[in-house]
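So the chains spell out like this:
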Amino acid sequence: MSPLELHSTEFALEVQGGRFVRVILDDSGSRVFDYAVPEDVEVARGCRVRVPVRRRTVLGTVLEVTTSTEASGVRFVSEVLKSDAGVNPALLELAVWMADYYACPLENALRAVLPQVIRKLEMTHQERRAVRLVEMPTDDVLAALEKRAPLQLAALRALQAEPGLMAVAELAKRTDASHAVVRALEKKGWVAVESQRVDRDPSRHEQFIEAPPLALNAEQEVVFHKVCEALVPRAPDAAAPKPFLLHGVTGSGKTEIYLQAIQRVLEQGRSAIMLVPEISLTPQTVERFKSRFAATQHEVAVLHSHLSEGERHDEWHRIRSGKARIVIGARSAVFAPLEKLGLIVVDEEHEPSYKQEESPRYHGRDIAVLRGFLERCAVLLGSATPSLESYHNVKLGKYDLLTIKTRVDDKKLPYIRIIDMRMESKKQSAIISSKLLTALQQRIERREQSILFLNRRGFSTSMLCEKCGNVCQCPNCSVSLTFHKAANRLVCHTCGYIALAPTKCPECKDPGIRQQGTGTERVEDVVQKLFPKAVVRRLDADVLQRKAAFRETLAEFRVGKIDILVGTQMIAKGLHFPNVTLVGIINADLGLHLPDFRAGERTFQLLTQVAGRAGRGDVEGEVFVQSFTPFSPAIQFSRHHDFEGFWDQEIDFRRQWNYPPFTHLVLLSIRSPHQGRGELSAQTLAKRIAEDAPPGLILSEATPAPLEKSHGQYRFHLMLRTKSVQRLSRYLRAILDKLPFPEDVIVTVDVDAYQLM
Ligand code: ADP
Ligand code: ZN
C-alpha cells in the first residue's frame, strides 16, 4: 500500500469523476470527513483507513463510498488497511441505527461493533513476535543455566512443554522471561523468533466429551419444528422471519432446543450467536455447548469479561475469519462479526443485564432483534418469565409466541408456600421462620440440598447508633455503609468506599452502635449456628471476586459436599442442581418497594426464577417465600407459577399510567459535584424541553434522583415518555449539543432506561 503515501499530502481537488469516501475518524465523536481514493485502490463500506489530518495521519472507518463530494480541499486516503480488520456492512448499518436510536455519538456506537482492542492491535498483530524451540541444550548447560540464568531455563522448559510457536508475550506471562531473555536464547541458537501469527485460544487446554442431542419430547418437538421453519436460508430481497418468544417454564428443556436449532444452522453452513445474561455465572450452559459441539470444538467462541485483550483480539479474528461459527457471550456478543448469520438466541431475555449502562446504552435483546431483521436471520428469545416488552410484542403480532408448559419428564414445578413474617417476627426468630427451619432440618436428615436466597450481600445493611440515631453513611454517596463481618469493614456498595468498622458511634462516641438489617453473610452465620454439623457456604459478589473460590463452591455444591448454599440472585440463573429440593427466600419484599415502576415485574421474575432451582431431580421441590407483604400480586402470582395472571394485572397498571411497554421511557441524568449547579441545569433543561418538545411527549419534573448522591456527584433526573422514540432522540441530540451547560455538569441520555435509581 506504500505507493499511496505519495498522494497523501497532496490535495485531490483535480479529481474528476473519481471516488470518494466518507470517513469517521476514531475518537472523534460524530465528525465525518471526505477523502479521495486513488484509482487503483480497492475500498468498500466498513473498511479501515489511514487518512491525513493536518500534518498527521489518523485511523478511521469508511461510512460510505461516493462519486462526489461537496467538501473542498479534499485529500487522498493514505492507506486502506487489510480487509479483515474492517466492519461488515450489516454491522455498520446496525451502528448507524444505534447512534440514531440511542442518541449517542456515532463513534461510540462504532466502538461497540469494532472494539478498541481490534483497532489497537490491528497495526501490531503482523509484528507480534512468536518463539519456538530449535534445540534443547545438553544437561550440563541446563545445570549451568539454573544457577546463572534461571529465567532462560524457565523459558526453555515452557517451550519444551508446549511444542510449536508461542507468543513472546505469552511466554513472558508464564515465566517472566523478557524480550532480552528471548534474544539471549536466540543468540545461542536454542530458540528461533518469528513474526508468524499465533492464536491465543483461551480454551485450548480444555477437553470435552461429545454429548449427542437428546430425543425431544412432544412439546419440545412442536417448538423445534416451528423454529426450523424460520431457519430456511432467505434470498437477499426476502423479508426477515418474525422473531420468536419462547415462553417455557424453568427446566422445560429450552436450552436443548437452542442447541438443536444451532446445530441445524451449522449444517446449513451458517453461523449462530447465543446470548446469555452473564457468562461467568452460567458455566453449566457454556459446558453444555462445548460438549455438544465437541467434535467441532474449535468452532465455539466464548466471549466474556475475563478474557485478556490479546485473547479478545484473537477470538474476534477467529470469528471474523469464519473459523468459529458459534459465539456464546454476554450482551456485547450480539456484535460478533459473523458472516452468514442464521440464528440469534437470547436466553433469559427478561434479564436487565442485557442493558448496557454506559454509552452506547443499548439493550442486547433489542439489538439482537434488529440485527436479525437486517441480516434476515431467525431470532429466538427465551424465558420462563418474559419481559412485559416482549410479551407485548407478541400481543401486537410482532413476535410469534412458542410455549412449553411442563417440565421435562413431567417433573412437577415446586410447591411454593408463602410465610407471613408479620406473624413470625412477633416470635423473635427474626431471620429464619420456624417453618423454614423445620424444612431445612428435614433436608439435612434426608441428605438433600437447600438453597437460601437473599438479595443483599454483606452482614448487615447498616450500622446504627441506638443513642443518637446516627447511621454510618458513605461520604461520597447517599447510601448507608454495609457491615462486612469477616473483613470487619464498612463498605459502600455503590462506589466501593471502604472504612474500618467503628466500635463506637463516630458522632456521639456512644459504644451502643449496632448492626441492623440482614445480608447474606449474616444468613450464613445464623444458619451455621442453627445447624452446627451442616456444611454451609455462601456465593455472592464478594465471593465472585475470587474466581477460583466461586467455581470451587459451585463444584462442591454440585457433587453434594455442601448442604446449604446461601446466595444472592446471581445463583438464580441457569443453574441446574438435581439434588436441590428446598429453596428458601429470606426476604421477598426487598425489591418490591423500590421507586421503580418495574419493581413488581422484577420481583415476580426473581421469585419465579429462584423457585425454579428447586425440584429439578427426581424428588419434588419445595419453596418457602418469607414476606412482610404476602398479598402483593408479584408474590401471589409467582406462587401459582401464573405468568398470564401477573401479566393481566401488571399490563393494566402500565397502560393506565402510560409506562412501557406502552411508551418508551427516556431518562435524562444530570450530574454535578456542585448541588446547586446540577439542580439549576436540570431545571433549565426541563424548561427548554417543555417549550418546544415534539408532540405526544410526557415530561416529568426535574427531581433529585432516588440515589441523590453517588461517587461524590449530585444527581438529578428528568423522565420523558413517548411513543415515537427516534424522533425524541434526534430532538434531544440537537438541543443537548447546543445548550451551554457548566463545565462540571454532565448530562446523559438513556433511551429505554432500566436503571432508574
Ligand atoms: P431450561 O433451559 O428450560 O431450563 P434445560 O434445557 O436446561 O431447560 O433442561 C432441563 C434438564 O432437562 C437438563 O438437564 C436437560 O439435559 C434435560 N432435558 C432437556 N430436554 C430433554 C429431553 N428431551 N429428554 C431428556 N432430558 C432432557
Ligand atoms: Zn459510596
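Residues numbered from 1 in each chain as written. Chains lettered and ligands numbered in written order. Predicted model: local features only at pLDDT ≥ 70, side-chain atom pairs only at ≥ 80, totals over all residues. Heavy atoms only, no water.

Any chance you could explain the overall build of the protein chain here in plain terms?
On a plain count of helices and strands, the protein chain comes out with 23 helices and 32 strands. In terms of overall dimensions, the protein chain is globule-like: its C-alpha atoms have a radius of gyration of 29 Å, near the 27 Å expected for 757 residues. If one aligns the C-alpha atoms of the protein chain with their principal axes, the spans along those axes are about 90 × 85 × 65 Å. Within the protein chain, buried positions represent 54% of all 757 residues. Considering only contacts in the protein chain between residues 6 or more positions apart, those separated by 24 or more positions represent 75%. By element, 52% of the accessible surface of the protein chain is carried by carbon and sulfur atoms, the whole surface being about 34,400 Å². Charged side chains of the protein chain number 101 positive and 93 negative; the gap between the two group centres comes to 3 Å. (Helix = DSSP H or I, 4+ residues; strand = E, 2+ residues; numbered from the N terminus. Rg over C-alpha atoms; globule rule 2.2 N^0.38 Å. Buried < 20%, exposed > 50% of the residue type's maximum accessible area, 1.4 Å probe, protein only. Contact = heavy atoms within 4.5 Å. Areas by Shrake-Rupley, 256 points an atom, 1.4 Å probe, with all protein chains shown as cover. Lys, Arg positive; Asp, Glu negative; His and termini not counted. Charge placed at Lys NZ, Arg CZ, Asp CG, Glu CD.)

Would you mind showing me how to read the nonpolar core here?
A general trend in soluble globular proteins is that nonpolar side chains are found buried together. One finds Phe335, Val583, Ile585, Leu685, Ile689 and Leu732 to be the most contacted residues of the largest nonpolar core, which totals 107 residues. With residues near it in sequence (within four places) discarded, Ile585 still touches Phe453, Leu607, Val610, Val623, Phe624, Val625 and Gln626. Counting 32 residues, the second largest nonpolar core, distinct from the first, contains Val223, Ile262, Val265 and Ile328. (Core = buried A, V, L, I, M, F, W, Y, C linked by side-chain atoms within 4.5 Å.)

Just checking my understanding: could you explain the pattern of salt bridges for this structure?
Between side chains of opposite charge, a pair can form when the charged atoms approach closely. Here the structure, examined in full by the defined rule, presents 37 salt bridges. The shortest N-O distance in the salt bridge between Arg174 and Glu170 comes to 2.8 Å. With Arg174 and Glu170 both in helix H6 (residues 168-175) and four residues apart, this pair spans about one turn of that helix. Residue Arg174 is classed as partly exposed on the basis of its relative accessible area, which comes to 35%. For Glu299, the salt bridge is made with Arg325, and the minimal N-O distance between the two is 3.3 Å. (Salt bridge = Lys/Arg side-chain N within 4 Å of Asp/Glu carboxyl O.)

Whenever I open this one, unusual backbone geometry confuses me. Can you help?
The general pattern is negative phi for most residues beyond glycine and trans for most peptide bonds. The peptide bond linking Ser359 to Pro360 adopts the cis configuration, its omega dihedral lying at -5°. Looking at the secondary structure, you find Pro360 in the loop between strand S14 (341-347) and helix H12 (364-374). In this chain, Pro660 is followed by Pro661 through a cis amide linkage whose omega measures 10°. Residue position: Pro661 is located in the loop between helix H21 (643-656) and strand S28 (664-672). Even without a glycine there, the phi angle at Asn488 is positive, about 50°. Structurally, Asn488 is set in the loop between strand S20 (482-484) and strand S21 (489-491). The phi torsion at Asn658 lies on the positive side, around 60°, for a residue other than glycine. On the secondary structure map, Asn658 appears in the loop between H21 and S28.

Explain the packing of helix H1 (residues 89-101) against H12 to me, please; I cannot follow it from the model alone.
The geometry of H1 relative to H12 is characterised by a closest axis approach of 10 Å and an angle of 135° between their N-to-C directions. The orientation of H1 relative to H12 falls into the category oblique. As H1 packs across H12, the resulting crossing turns out to be right-handed. Of H12, the residues touching H1 (which contributes Ala90, Leu91, Glu93, Leu94, Trp97 and Met98) are Ile367, Leu370, Arg371 and Leu374. Of the residues contributing to the contact of H1 with H12, the split by class is eight nonpolar, no polar and two charged. (Axes fitted to C-alpha atoms, helices over the stretch in contact; angles between N-to-C directions. Parallel < 35°, antiparallel > 145°, perpendicular 65-115°, else oblique. Left-handed = near helix turned anticlockwise from the far one by under 90°. Nonpolar A, V, L, I, M, F, W, Y, C, P; charged D, E, K, R; others polar.)

Would you mind going over the packing of aromatic side chains with me for this structure?
Centre-to-centre distance and the angle between the planes together describe a pair of aromatic rings. This model, assessed by the stated rule, comprises 13 aromatic pairs. With 4.9 Å between their ring centres and 80° between their planes, Phe557 and Phe577 make a pair best called edge-to-face. With a gap of 20 residues between them, Phe557 in helix H18 (residues 547-558) and Phe577 in the loop between strand S25 (564-567) and strand S26 (580-585) connect regions that are remote in the sequence. Residue class for Phe557 comes out buried when judged on its relative accessible area of 0%. An angle of 35° between the planes, with centres 6.1 Å apart, marks the rings of Phe653 and Tyr659 as tilted. On the basis of relative accessibility, which here comes to 18%, the residue Tyr659 falls in the buried class. Among the aromatic residues, those joined into a ring-pair cluster are Tyr391, Phe604, Phe637, Phe643, Phe646 and Trp647. Over the aromatic face of Tyr754 sits the side chain of Arg598, whose NZ or CZ is 3.9 Å from the ring centroid. Across the ring face of Tyr659, the terminal group of Arg721 is positioned such that the distance to the ring centre comes to 4.6 Å. (Phe/Tyr/Trp six-rings, centres within 6.5 Å; stacked < 30°, edge-to-face > 60°. Lys NZ or Arg CZ within 6 Å of the ring centre and 35° of its normal.)

Just to check I follow, could you spell out the site of ligand 1 for this structure?
By nearness alone, 16 residues border ligand 1, and Ala215, Gln220, Lys254, Thr255 and Arg288 come closest of all. Ser252 has a polar backbone atom sitting 3.1 Å from an oxygen atom of ligand 1. Residue Lys254 places a side-chain N or O atom 2.9 Å away from an oxygen atom belonging to ligand 1. Look at ligand 1: alone it shows 560 Å² of surface, and the protein chains cover 78% of it. It is helix H9 (residues 254-267) that provides the largest number of residues to the shell around ligand 1, a total of three residues. Each residue belonging to the shell around ligand 1 can be placed in one class, and the counts come to five nonpolar, seven polar and four charged. (Near = heavy atom within 4 Å. Polar contact = N/O pair within 3.5 Å; in protein donor to acceptor, adjacent residues only side chain to side chain.)

Sorry if this is basic, but what is going on with the coordination of the zinc ion (ligand 2) here?
Between any two of four tetrahedral donors, the ideal angle at the metal is 109.5 degrees; between two of six octahedral donors, it is 90 or 180 degrees. At 2.3 Å from the zinc ion (ligand 2) lie its protein donor atoms, namely Cys474 (SG), Cys477 (SG), Cys492 (SG) and Cys495 (SG). The site at the zinc ion (ligand 2) holds four donor atoms, and with the angles between them running 106 to 114°, its shape is tetrahedral. (Donors = N, O, S within 2.8 Å, 3.2 Å for Na, K, Ca; no water. Tetrahedral: all angles 85-135°; square planar, octahedral: opposite > 155°, others 65-115°.)

Quick question: what am I supposed to make of the sheet that holds strand S4 (residues 56-66) here?
Hydrogen bonds between backbone groups are what pair the strands of a sheet, and the pairing can be parallel or antiparallel. Within the open sheet, the six strands sit side by side as S5-S2-S1-S4-S3-S6. Their pairing is mixed. Edge positions in the sheet fall to strand S5 (75-76) and strand S6 (79-80), since each of these pairs with one other strand and no more. Summarising the sheet, strand S3 (residues 48-53) and S6 pair through two bridges and their orientation is antiparallel. Across the sheet, Val49 pairs through a bridge with Val80, a residue of S6. (Pairing = 2+ DSSP bridges.)

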